[in-house]
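Residue-level listing of the chains:
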Amino acid sequence: MHTAAAYALPAPDGSFEKVTIQRRELGPHDVLIDIKFAGICHSDIHTARDEWGGSRYPCVPGHEIAGVVAAVGSAVTRHRVGDRVGVGCMVDSCGVCAPCLADEEQYCTAGATMTYDSVVDPAVQPGGHTLGGYSTRIVVTENFVVAIPEGIGLDVAAPLLCAGVTLYSPLRHWGAGPGKKVAIIGMGGLGHVGVKLAAAMGAEVTVLSHSLSKQDDGKLFGASAYYATSDKQTFRELRGRFDLILNTVSANLPMDDYLRLLNLDGTLVILGLPENPISVKPFNLAKYRRSLAGSMIGGIAQTQEMLNFCAEHGIGAEIELIAADEIDGAYDRVVASDVRYRFVIDVSTM
Ligand code: NAP
Ligand code: ZN
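Keep in mind it's a predicted model, so treat the numbers as computed, not measured.

Quick look at the site of ligand 1 now. In the neighbourhood of ligand 1, 29 residues make up the surrounding shell, with M187, S209, H210, K214 and R342 lying closest. One nitrogen or oxygen atom from the side chain of S43 is found 2.7 Å from an oxygen atom belonging to ligand 1. For ligand 1, whose accessible area on its own is 920 Å², the fraction buried by protein is 90%. Of all elements in the fold, only α1 (42–48) and α5 (189–200) reach the threshold of two or more residues within the shell around ligand 1. If you tally residues by element for the shell around ligand 1, the top one is α1, at three residues. Here the shell around ligand 1 is composed, by residue class, of 13 nonpolar, 14 polar and two charged.

Have a look at this one:
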């Protein structure tokens with residue numbers, strides 16, 4: 001067993017506390033990673049505070065992991081000791097279903113094993129559920145470990161492991177590029193990376209944010225236009241404008257207002273995952289043959305492709321580095337949309 005320090009929440013309404021956890025001995029295909037940085041995703045908060053229901057405790061969140069390989073199992077071929085690597089939202093999947101064979105492990109029909117809060121055999125993770133990246137070490141099977149290219153700092157790379165691929169995947173799937181008008185709703189952790197990625201792909205990018213307070217940043221990240229959704233005029237002016245809208249907001253929005261912003265055959269993709277249902281007027285879909293879709297992170301091969309794309313285009317997340325004992329306060333600030341633009345835990349402070 002490998003001992004690691006971690007920050008765990010003992011119960012949904014508790015505070016993070018420092019604990020000691022165990023990681024399994026390396027199997028032939030396992031990689032032991034010394035974690036250097038872990039991003040704080042809003043999904044960590046939904047899970048830690050049990051907003052989706054059924055969370056398991058103690059909860060060690062963290063699925064935006066960047067670190068360095070410390071040891072490898074006897075049969076590992078993809079990574080070597082000293083390599084800069086990342087782990088995202090998944091640590092395993094069945095490997096034989098159609099989505100897995102199509103490199104879409106996030107849609108594994110047996111259910112992918114998520115980096116934290118997934119039930120597993122105690123031989124896989126002592127305690128019986130996975131524990132994530134708010135810790136000093138993790139053991140992951142080599143196929144779920146990606147290489148972080150030289151040229152991206154590990155700190156600004158960490159958020160790409162979830163926020164990056166969650167935006168990259170639908171941008172690619174729905175063909176963002178030159179001649180496409182793309183809108184990003186919400187410029188938080190996911191949204192700000194989405195603006196950078198869509199702009200680098202050559203799309204015309206508009207940010208729809210609740211106020212104009214982050215407008216200058218949005219333009220720096222590559223947006224050509226920035227609108228406040230608190231202003232009713234925004235919805236009149238932009239009616240029928242976009243080919244693709246990516247909704248990254250962690251709270252429920254009036255979906256009809258946003259559907260009306262789509263052009264013929266346009267698609268609104270739901271990425272933000274508030275716990276409550278959404279409602280739409282059928283007429284707003286039928287008109288202009290619009291689609292309402294969803295998308296979940298991205299596969300491992302696409303995560304690697306995204307990291308390579310980011311290295312090529314000089315893209316990293318904008319981060320605020322915090323110490324491990326600042327997680328509770330950081331959560332409150334994320335919920336208040338007071339983050340520029342991703343909190344990243346400096347794991348050396350554990
Ligand atoms: P975040 O950093 O908190 O960003 C969310 C942004 O949404 C905020 O910065 C804010 O942007 C906007 N917003 C928040 N509350 C709002 C409200 N009440 N009304 C209008 N706008 C509001 O969160 P994140 O880490 O980017 O995650 C966003 C959501 O995506 C979460 O629900 C998370 O669970 C989900 N997620 C989904 C996937 C997936 O695979 N589908 C992956 C990761 C995360 P402005 O200030 O610009 O308005
Ligand atoms: Zn996430």
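This part covers the environment of L244. Within the fold, L244 resides in strand β13 (residues 242–247). Taking relative accessible area as the criterion, L244 reaches 4% and is therefore assigned buried. In sequence terms L244 and K180 are 64 residues apart; their C-alpha atoms lie 7.7 Å from each other. Excluding its chain neighbours within four sequence positions, the residues that come into contact with L244 are P170, L171, W174, A176, K181, V182, A183, L262, T267 and V269.

With that out of the way, let us pick up the environment of T3. Mapped onto the elements, T3 comes out in strand β1 (residues 2–8). Of the residues examined, T3 reaches a relative accessible area of 42% and is grouped as partly exposed. C-alpha separation for the pair T3 and V31, spaced 28 residues apart in sequence, amounts to 15 Å. When sequence neighbours within four positions are dropped, the list of residues in contact with T3 reads T20, I21, Q22 and R137. Looking at T3, its side chain comes within polar contact range of the side chain of Q22, at 3.4 Å.

Calculation rules
Residues numbered from 1 in each chain as written. Chains lettered and ligands numbered in written order. Predicted model: local features only at pLDDT ≥ 70, side-chain atom pairs only at ≥ 80, totals over all residues. Heavy atoms only, no water. Near = heavy atom within 4 Å. Polar contact = N/O pair within 3.5 Å; in protein donor to acceptor, adjacent residues only side chain to side chain. Areas by Shrake-Rupley, 256 points an atom, 1.4 Å probe, with all protein chains shown as cover. Helix = DSSP H or I, 4+ residues; strand = E, 2+ residues; numbered from the N terminus. Nonpolar A, V, L, I, M, F, W, Y, C, P; charged D, E, K, R; others polar. Buried < 20%, exposed > 50% of the residue type's maximum accessible area, 1.4 Å probe, protein only. Contact = heavy atoms within 4.5 Å.

By themselves, these figures tell us nothing about what the structure is for.
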